Each structure stands twice: as structure tokens, then as C-alpha cells.
Amino acid sequence: MKNFNPRAWFMPQSVIVIGTYNADGTPNAMNAAWSGQWDNDKIMISMGNHQTTVNLNANPDFTVAFATTETMVAADYVGIVSGKKVKDKVAKTGWKVEKGEQVNAPVFTDFPMTMECRIERKIDESETGYYIVAKILNIRVDEEYLAEDGKPDLEKMHLLTFDPVHLGYLEIGKRVGNAFKDGTQLK
């Protein structure tokens, strides 16, 4: 085995797009990967010092859309272009925008699945950012991406994962097993 210096190579990492409104009401979006589940109905995100952070300080509502192969180029764009410098960067993406149903935040309807969230608490707040813990208030899924059982079908979505080692995006593949079942073979 080869050893490496400590790095945050936690894999896979979801590629998410966080949607907020700027002070003038224009939709803002940023790409993030440092996020995860906090509880059954909560998520956490590591936030740096971004326009999105400024927006969240003014309004705790936001959306989380899951990037796909089809949305990859525009999702990467909103991650490399600062909302502090380009005030209406969402316009360049061509995404269709609706107001959230349960939050005061934009929903980008080009994505198959979006969570509507509200910050419950901020952790380790400093000049460089903070961690947020947010409650999921609603999950919107385009009906095209539902399985026969009526739940989201992740294989249909072509979701991306961030490769922190080689700085790339990978498409999540096919189902290969059954959680909480396949391991029973070893009992």
C-alpha cells in the first residue's frame, strides 16, 4: 500500500448546487461538495466566504439541487464564478427558475431533484465561513425521475460525484446490491 499526506478525500461527494436570493431578489447559485446528511431530516454543508454565505446571513432559506451529467457544465460554472463579482450568474446558465414552495429561495427546475431547506444552526462561525445544519422542508422530484414505486430513481438521474483526488466529476452508476439485506448472507 502507498501512503499519502492527510487530505479530505472522502468519497463519494455529492455535487450540489445551493440556491439563494441576492438582496435585490435575483437568484444566486453556487456549486458545493462538502456536504452530507446530519440526521433523517437534516443536512450539513461546509460554507466558505461566498455570496451565498452573505445571502444565508440575511435569509436562512435555500435549496439544494443535485447536479447531473446534463447540468454539469453550468453547475461547474456557478462554482468557479463568484456571485460577488457576477451578480446574475444564474442567467448565464440558462436554468429555469421558480420560487420554492416552502422556502424563500429559488428552485432550478433543470435538475431532477431539489431539497428546500432552512438553516437551524451555524457552527464555528468565523470570517472564513461556517458549517450549517439545515432542516429539509420539502423534496421536489421531477416525475420523469420516479421509479415504479413512486420514489426517486437515482439511476435515472445521472447524478454526479466529485473526485477530490483528480478534481473531476464522475457519473454515479448502476445499482449493485441491496442495503440492509445483502450482508445477512454472512450471518
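Owing to the predicted nature of the structure, the values given are computational and were not obtained by experimental measurement.

Chemist: Break down the overall build of the protein chain for me, citing the residues and quoting the values.
Modeler: Of the regular secondary structure elements, the protein chain holds four helices and 12 strands. Here the C-alpha atoms of the protein chain give a radius of gyration of 17 Å, agreeing with the 16 Å that 2.2 N^0.38 yields for 187 residues. When the backbone C-alpha atoms are referred to their principal axes, the protein chain occupies close to 55 × 45 × 30 Å. Counting only residues that meet the buried cut, the protein chain has 41% of its 187 residues in that class. Within the protein chain, counting contacts between residues at least 6 apart in sequence, those at least 24 apart form 59% of the total. For the protein chain, the exposed surface amounts to about 11600 Å²; the carbon and sulfur share of it is 53%. Put simply, the protein chain has 21 plus and 25 minus side-chain charges, and the middle of one group is 5 Å from the middle of the other.

Chemist: I'd like to hear about the sheet that holds strand 12 (residues 168–171), residue by residue, with values.
Modeler: The antiparallel open sheet is built from three strands, whose spatial order is 1-11-12. The outermost strands of the open sheet, each flanked by one partner alone, are strand 1 (13–14) and strand 12. Inspection of the sheet shows strand 1 paired to strand 11 (residues 160–163) by two bridges, in the antiparallel sense. If you follow Gln13 over to strand 11, its bridge partner there is Phe162.

Chemist: Talk me through the pattern of salt bridges; I want residue IDs and the actual numbers.
Modeler: Where charged atoms from two side chains of opposite charge come close, those side chains can pair. Applying the stated criterion to the full structure yields seven salt bridges. With a closest N to O distance of 3.4 Å, Asp41 and Lys42 form a salt bridge. In this structure, Arg118 engages Asp61 in a salt bridge whose closest nitrogen and oxygen atoms are separated by 2.6 Å. Placement of the pair is Arg118 in strand 9 (residues 113–126) and Asp61 in strand 6 (residues 61–66), with a sequence separation of 57 residues. We classify Arg118 as partly exposed; its relative accessible area is 34%. Three or more residues are tied together by salt bridges with common partners; here these are Asp41, Lys42, Glu120 and Lys135.

Chemist: Describe the nonpolar core, with residues and values.
Modeler: Note that soluble globular proteins tend to have their nonpolar side chains buried in a common cluster. In this structure, Ile43, Ile45, Phe62 and Val64 are the most contacted members of the largest nonpolar core, which totals 22 residues. Elements with a minimum of two residues in this core: strand 2 (16–21), strand 3 (27–32), strand 5 (42–47), strand 6, strand 9 and strand 10 (129–141). Grouped together as the second largest cluster of nonpolar side chains are 13 residues, Val17, Ala67, Val90 and Trp95 included.

Chemist: Give me the sheet that holds strand 10: which residues, what numbers.
Modeler: Spatially, 3-2-6-9-10-5-4 is the arrangement adopted by the seven strands of the open sheet, whose pairing is antiparallel. The open sheet has two edge strands with one neighbour each: strand 3 and strand 4 (35–39). This sheet shows a mean twist of 35° between the axes of neighbouring strands, independent of strand direction. Bridging between strand 2 and strand 6 involves four bridges; their strand directions are antiparallel. Note that in strand 6 the partner of Gly19 across the bridge is Thr63. Relative to the sheet, helix 1 (residues 51–58) contacts strand 2, strand 3, strand 5, strand 6, strand 9 and strand 10, its axis offset from that of strand 2 by approximately 50°. Sheet strands touched by helix 2 (residues 72–80): strand 2 and strand 3. Its angle to strand 3, the strand with the most contacts, is close to 95°.

Chemist: Can you lay out the packing of aromatic side chains for me, pointing to particular residues and giving the numbers?
Modeler: Considering all chains together, one arrives at four aromatic pairs under this definition. Relative to Phe108, the ring of Trp95 has its centre 5.2 Å away and its plane inclined at 45°; by these criteria the two rings are tilted. Residue Trp95 is found in the loop between helix 3 (89–93) and strand 7 (97–99), and its partner Phe108 is found in strand 8 (residues 106–108); the two are separated by 13 residues along the sequence. Summarising the burial analysis for this pair, Trp95 and Phe108 share the class buried. Among the aromatic residues, ring-to-ring pairing joins Trp95, Phe108 and Phe111 into one connected group.

Thresholds applied
- Residues numbered from 1 in each chain as written.
- Predicted model: local features only at pLDDT ≥ 70, side-chain atom pairs only at ≥ 80, totals over all residues.
- Heavy atoms only, no water.
- Helix = DSSP H or I, 4+ residues; strand = E, 2+ residues; numbered from the N terminus.
- Rg over C-alpha atoms; globule rule 2.2 N^0.38 Å.
- Buried < 20%, exposed > 50% of the residue type's maximum accessible area, 1.4 Å probe, protein only.
- Contact = heavy atoms within 4.5 Å.
- Areas by Shrake-Rupley, 256 points an atom, 1.4 Å probe, with all protein chains shown as cover.
- Lys, Arg positive; Asp, Glu negative; His and termini not counted.
- Charge placed at Lys NZ, Arg CZ, Asp CG, Glu CD.
- Pairing = 2+ DSSP bridges.
- Salt bridge = Lys/Arg side-chain N within 4 Å of Asp/Glu carboxyl O.
- Core = buried A, V, L, I, M, F, W, Y, C linked by side-chain atoms within 4.5 Å.
- Axes fitted to C-alpha atoms, helices over the stretch in contact; angles between N-to-C directions.
- Phe/Tyr/Trp six-rings, centres within 6.5 Å; stacked < 30°, edge-to-face > 60°.

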